[in-house]
Amino acid sequence: MLTPSVHPRIEAIPAADWNRLVDADTPFLRHEFLAALERHGCVGEALGWLPRHLALHDEAGRLVAAAPMYLKHNSYGELVFDWAWADAYHRAGLRYYPKLVVACPYTPANGPRLLAAPGPGQAEHRRALAAAAQALAERLGVSSLHWLFPTEEETQLLEGQGLLRRMGCQFHWHNLGYRDFEDLLAAFSAEKRKKVRRERRRVAEAGIEIRLRHGHEASEAEWALFHRLYEGTFDKRGGIPTLSLPFFHEIARTMGEQLLLVLAYRGGRLVAAAFDLIGARTLYGRHWGCFEEYHSLHFEACYYQGLDYCIARGLARFEPGAQGEHKVSRGFLPTPTWSAHWIADGRFRRAIGDFLAQERAGMRDYLAEMYTHSPYKGVDSRAEAS
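Residues numbered from 1 in each chain as written. Predicted model: local features only at pLDDT ≥ 70, side-chain atom pairs only at ≥ 80, totals over all residues. Heavy atoms only, no water.

Q: In this structure, what is going on with the overall build of the chain? I would like to understand it.
A: Secondary structure assignment for the chain yields 12 helices and 15 strands. For 386 residues, the compact-globule estimate of 2.2 N^0.38 gives 21 Å, and the C-alpha radius of gyration of the chain, at 21 Å, lies within 12% of that figure. Taking the principal axes of the C-alpha coordinates as reference, the chain spans close to 60 × 45 × 45 Å. In the chain, buried positions account for 57% of the 386 residues. Long-range pairs, those at least 24 residues apart, make up 75% of the contacts in the chain between residues at least 6 apart in sequence. Only carbon and sulfur atoms are counted for the fraction: they give 52% of the accessible area of the chain, which is about 16300 Å². Across the chain, 47 positive and 46 negative side-chain charges occur, with their mean positions spaced 3 Å apart. (Helix = DSSP H or I, 4+ residues; strand = E, 2+ residues; numbered from the N terminus. Rg over C-alpha atoms; globule rule 2.2 N^0.38 Å. Buried < 20%, exposed > 50% of the residue type's maximum accessible area, 1.4 Å probe, protein only. Contact = heavy atoms within 4.5 Å. Areas by Shrake-Rupley, 256 points an atom, 1.4 Å probe, with all protein chains shown as cover. Lys, Arg positive; Asp, Glu negative; His and termini not counted. Charge placed at Lys NZ, Arg CZ, Asp CG, Glu CD.)

Right under this line is the structure:
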């Protein structure tokens, strides 16, 4: 017998119990990360992300499965875009919000969402968790339930329970055992290899010095400057900088070894920075900002330094964030991403299902087209990296 419960604060679940279910490759799902979001107002009523974390306990009271769940009053910060669905509901005189999402806020990174401890009962616990989530959605009377960026295996499980599968695309790099950055470039075509070298050279010729800091190594002044850059990027793009400086200070203290700041200095002044999260196997690129523009500095801070870091540390993969076709020529290949959707209204479920089938066909064509721009020499390199 498994007992579900819903928690409006992650701190209601003991950190050790939650983290025991979290894959070591997903630092953004650690209890420390989610708790810091809640403590420092990065989620909540004002931003439309209301925590409703779902937990399953066995007869002995042991946490066996959980999902980071939120009641949403908007679609901001999800990066699986359903604005058109909300508009269609509105035009039909129906309410799309509130809805439920299972996700890490503002983080388009792939990984487990049906959190369950490895072992003989894992598959059963995942199925029970998915069923409990849908039962909660029905009980709350929400329009829909969305699982964002789950693994393909989880997506298949959710699809088997009647949810609609959605396919997206990101651009990821895979480590094929490269000895160093030059070994990676040796796998590129001559033209693309020359382009990357030229971009890195331009940064060096501009007098830019790159310094890497893990979260616990960065000073308060460096964090403050980075946060100004983070806010500035959102201001330029008309977005909302939801992550506060106290949030970054807290995760630097509680999980600093899994944070990486790439700091770009010129003449002793910080001119740009990038922020990454480090998993057991994967580096996740998250945020970037600059006080001054320099040719190719974005590529250096956000991509090339991360590739260097992955090769040096033996990490298997680099996910540099959502979107960005310019990443392909720099070694990041098109990779399918997934989401799964339960839609309460039968008419809209059928309409959205038809749309998603057409979208998947178009997305497969898009991935195939993007592969033709791969910088790697030969089909075998591209196939292995996929």
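Q: Explanation requested: empty space enclosed by the protein in the structure shown.
A: Any space left empty among the atoms is revealed by the rolling of a water-sized probe across them. Tallied over the full model, the rule gives two cavities of 30 Å³ or more. Looking at the largest cavity, its volume works out to about 60 Å³. Every residue along the wall of the largest cavity is listed here: Phe33, Leu37, Pro105, Tyr106, Thr107, Leu243, Phe247, Phe248, Phe275, Leu277, Arg286 and His287. Looking at the lining of the largest cavity, the elements that each hand over two or more residues are helix H2 (31–39), helix H9 (245–255), strand E12 (269–278) and strand E13 (282–290). The class makeup of the residues in the lining of the largest cavity is nine nonpolar, two polar and one charged. Considering only enclosed or pocket space, the second largest cavity measures out at about 40 Å³ in volume. (1 Å grid on protein atoms, 1.4 Å probe; cavity = no way out; pocket = protein on both sides within 12 Å on 5 of 7 lines; lining within 4 Å. Points joined across faces, edges and corners; volume = space filled by probe spheres on them. Nonpolar A, V, L, I, M, F, W, Y, C, P; charged D, E, K, R; others polar.)

Q: Explain the sheet that holds strand E11 (residues 259–266) to me, please; I cannot follow it from the model alone.
A: Strand pairing within a sheet occurs via backbone hydrogen bonds; the two strands may be parallel or antiparallel. Strand order in the open sheet formed by 11 strands is E2-E5-E6-E8-E15-E9-E14-E13-E12-E11-E10, with mixed pairing between adjacent strands. The strands lining the two open edges of the sheet, one partner per strand, are strand E2 (49–51) and strand E10 (208–214). Averaged over all neighbouring strand pairs, the angle between strand axes comes to 30°, with direction disregarded. In this sheet, E13 lies alongside E12 in antiparallel orientation, the contact comprising seven bridges. By the bridge assignment for E13, Ile278 is matched with Leu283. (Pairing = 2+ DSSP bridges. Axes fitted to C-alpha atoms, helices over the stretch in contact; angles between N-to-C directions.)

Take it as geometry only, folks, not as evidence of what the structure does.
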